[in-house]
Amino acid sequence: LQCGLDLLACLPLANPPEALERLEQFFDSLVQVPFDTDFYLELLEQSRVPLCFVTEELARRYIGKPLPLGESEAGFFRRVSALWKKVLFAYSRCVRGETARKPEVIHERLALVLHRCIYYAGMLMVEHHRTRHELPPGLWKAVNSYYECAETYAVHLFPVIDSLASQEEGTHCSAAFLSLLLTELASPYSLSTRNQNLVRRWSERWSYLLSLQEIPEESLVPECVIDLRQDAALCTGNESLQRISLRQLDTTQLAQHLEKLNEELRKKTPPAEIGLGEDCSVDQCRRLL
């Protein structure tokens, strides 16, 4: 444990390519040691801030570049994407460790590791959105399965502290999942990188205005549903055969909130005053909303 903490503390953050190499070695070495949930989780949580810094610095080298990416840019994109997969694999090992514990003691930590799995699968999505690359097959299916696991163990609304999130009061698995869903519904490939960033930020804040609900046996299946067993965000109801895995999305509160925001923007209220941020104009926000 101390060796891992020392390695993270000594990352050369002023040299992102070298820091990336050391992070790759760090996550590769974790797979080689005997698994212990406490040991793993403390190291993984300590890695989050430097990991975020290094990957964002390296992403500057390929975001906004013309396609196809040059050899150097493509190389960094592949390595950053591969690093997210390594992080995701490490946290998924913790999920298996936590679900093997006694039910009465798993809630807090299981909620945390499932949240991190959803979060880092989302970061892999982000990397592909902003480089205009197709998502890896199975990625949405993995996200759906993490959320389904959180529901199964009744930890999907269990509060989780996330130092990287804008919500100071904490978050939970459902909010993380719905944030990814909102981002997907905004057609991220059609947006500029700047607007993608705005959509991600807004989706994170507004995910609490959405809810997922099971579809009662006597009700008709809605036209659009979330199927937690499929490799997709939303799908049409007639594509889904297993009702038990279907969820309907309640957007009532979000629709009301967006209408209020649009009304304020029509009055030329500055976006910062209504929680949209200081880095966007009234016209930009109206178009994007």
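Owing to the predicted nature of the structure, the values given are computational and were not obtained by experimental measurement.

Peer 1: Explain the pattern of salt bridges here, please?
Peer 2: Per the stated rule, a full pass over the model turns up 18 salt bridges. Put simply, Asp28 and Lys86 hold a salt bridge, and the shortest N to O gap is 2.7 Å. One end of the pair, Asp28, is in helix 2 (residues 16-32); the other, Lys86, is in helix 4 (residues 71-99), and 58 residues separate them in sequence. Between Asp283 and Lys268 there is a salt bridge, with the nearest N and O atoms lying 3.8 Å from each other. Linking Asp283 in helix 10 (residues 282-288) with Lys268 in the loop between helix 9 (252-266) and helix 10, this pair joins segments that are 15 residues apart in sequence. Take Asp283: its relative accessible area is 44%, and that puts it in the partly exposed class.

Peer 1: What is the right way to look at the layout of surface pockets in this model?
Peer 2: In this approach, a probe sized like a water molecule rolls over the atoms, and the result shows the empty space that is left. Roughly 800 Å³ of volume is contained in the largest pocket. The set of elements that each furnish at least two residues to the lining of the largest pocket consists of helix 3 (37-59), helix 5 (107-130), helix 7 (173-185) and helix 8 (193-206). A per-element tally of the lining of the largest pocket places helix 5 first, with nine residues. Tallied by class, residues from the lining of the largest pocket come to 17 nonpolar, 11 polar and nine charged. The computed volume of the second largest pocket comes to approximately 240 Å³. Forming the boundary of the second largest pocket are Leu182, Leu185, Ala186, Val199, Trp202, Ser203, Trp206, Leu254, Leu258, Leu288 and Leu289. Among the elements of the structure, helix 7, helix 8 and helix 9 are those that each provide at least two residues to the lining of the second largest pocket. At four residues, helix 8 tops the list of elements feeding residues into the lining of the second largest pocket.

Peer 1: Looking at this structure, I do not really get the environment of Glu18. What am I missing?
Peer 2: Structurally, the position occupied by Glu18 is in helix 2. Along the sequence, Glu18 and Val54 sit 36 residues apart, while their C-alpha atoms lie 9.6 Å from each other.

So, how was this worked out
Residue positions are counted from 1 within each chain, in the order its sequence is given. Under the rules for a predicted model, residues below a pLDDT of 70 receive no local features and side-chain atom pairs below 80 are neither given nor counted, while totals for whole chains, interfaces and linings still include all residues. As a convention, hydrogens and water are excluded, and side-chain values are obtained from all of the structure's heavy atoms. Note on definitions: salt bridges are taken to be side-chain nitrogens of Lys or Arg within 4 Å of carboxyl oxygens of Asp or Glu. Think of it this way: any DSSP run of H or I at least four residues long counts as a helix, any run of E at least two long counts as a strand, and we number them from the N terminus. With a 1.4 Å probe rolled over the protein chains alone, any residue whose accessible area is under 20% of its type maximum counts as buried; one over 50% counts as exposed, and the rest are partly exposed. Residues are called lining when one of their atoms sits within 4 Å of a cavity or pocket point, these points coming from a 1 Å grid over the protein atoms alone, where a cavity is a set in which a 1.4 Å probe fits but cannot get out and a pocket is an open set with protein on both sides within 12 Å along at least five of seven lines. Grid points are joined across faces, edges and corners, and a volume is the space filled by probe spheres set on the points. Polarity classes work like this: nonpolar for Ala, Val, Leu, Ile, Met, Phe, Trp, Tyr, Cys and Pro, charged for Asp, Glu, Lys and Arg, and polar for all others, with Gly in that last group.

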